[in-house]
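Secondary and tertiary structure notes
Here is how the chains run, residue by residue.
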Amino acid sequence: MPEKDESANVSGLRERLRAARSVFVLTGAGVSAESGVPTFRGGGQTAVWKGMPFEVISSAEMVGRDLALVWEWFDYRRGVLRTCRPNPAHESLARWQTRLPQFTLATQNVDGLHAEAGSRGVLELHGNAWRARCLDCGNREDVREKDAGVRPPVCRACGGLMRPDVVLFGEMLPEDVWVEAAERAAAADVCLVVGTSAIVHPAAGLPVAAKRAGAFLVEVNPEATPLSDFCDLTLRGAAGEVLPRLDF
Ligand code: APR
């Protein structure tokens, strides 16, 4: 797209955001890529760990079969995340929240970087890798407060075994979070989809629902996705470069 059109699109969108009554943003692994968090399907490859595709190690079935191995995988992922800090894309979204009457940020990411950048009330559709949840009583605790030498961690409330508080393959999303995200998406004037391959459902259905309810739909991604043709505007670039240009 010629440079002038691109900048016209960016300034047009900035005005639309400034005037918006309600904005809904859905993010995926791509928004954290510039922070050093590996994406799942970047470059056509899917993540593999110890020879296991992540759909296998990150599954409900594996929690039943080998909970200790699931913790080893998440301890490894937290090891990667520990060195990652929010990037300008996370920071822009945190700023927008303070400037809009109705702003909703829903993420598929479990890295906690949106909250670290200052975003409040982030709808964590797939949970959070820094939290553990008791298999018996459902109590949630911060993994950083647990003894790293005890795996699986033990629940402070009932003594039960704990699992990562992350939505694994074959599992439903947390209902309260899902219902709120679906309601907010359907009420949005503008919906931005940032850094997701838009193939994992039900999250990938949120921008479609927003568009069907009348939202202006925008995709920010260096690559095309199955959602691209459905969008009113696609901005091909890295989130950390594109979102600050939309600051209003
Ligand atoms: N800025 C914006 N987008 C980017 C960037 C960047 N700097 N780098 C990569 N991308 C895009 C890629 O082009 C790709 O479309 O981010 C997307 C990442 O896609 P996936 O790796 O599939 O991640 P995501 O869409 O979040 O996956 C959804 O699948 O594996 C499950 O639970 C996991 O939440 C995850 C869900």
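Scroll up for the structure.
Procedures and definitions
Residues numbered from 1 in each chain as written. Predicted model: local features only at pLDDT ≥ 70, side-chain atom pairs only at ≥ 80, totals over all residues. Heavy atoms only, no water. Near = heavy atom within 4 Å. Polar contact = N/O pair within 3.5 Å; in protein donor to acceptor, adjacent residues only side chain to side chain. Areas by Shrake-Rupley, 256 points an atom, 1.4 Å probe, with all protein chains shown as cover. Nonpolar A, V, L, I, M, F, W, Y, C, P; charged D, E, K, R; others polar. Pairing = 2+ DSSP bridges. Helix = DSSP H or I, 4+ residues; strand = E, 2+ residues; numbered from the N terminus.

Some remarks on the site of the ligand
- The local shell around the ligand holds 21 residues, among which Glu34, Phe40, Arg41, Thr196 and Ser197 are the closest.
- Separating an oxygen atom of the ligand from a backbone N or O atom of Ala29 is a distance of 2.8 Å.
- Here Ser197 contributes a side-chain N or O atom positioned 2.6 Å from an oxygen atom of the ligand.
- Protein contacts shield 91% of the accessible area of the ligand, which totals 730 Å² for the unbound molecule.
- Partitioned by chemical class, the residues of the shell around the ligand number 9 nonpolar, 9 polar and 3 charged.

A word on the sheet that holds strand 5 (residues 123-124)
- Pairing is parallel across the open sheet formed by 6 strands, whose spatial order is 5-4-1-9-10-11. Of all strands in the sheet, those with a lone pairing partner are strand 5 and strand 11 (233-235), marking the two edges.
- Judged from the 5 bridges that link them, strand 9 (residues 190-194) and strand 10 (residues 216-220) form a sheet pairing that is parallel. Bridged to Leu192 within strand 10 is Val218.

Just distances and angles here, no functional claims.
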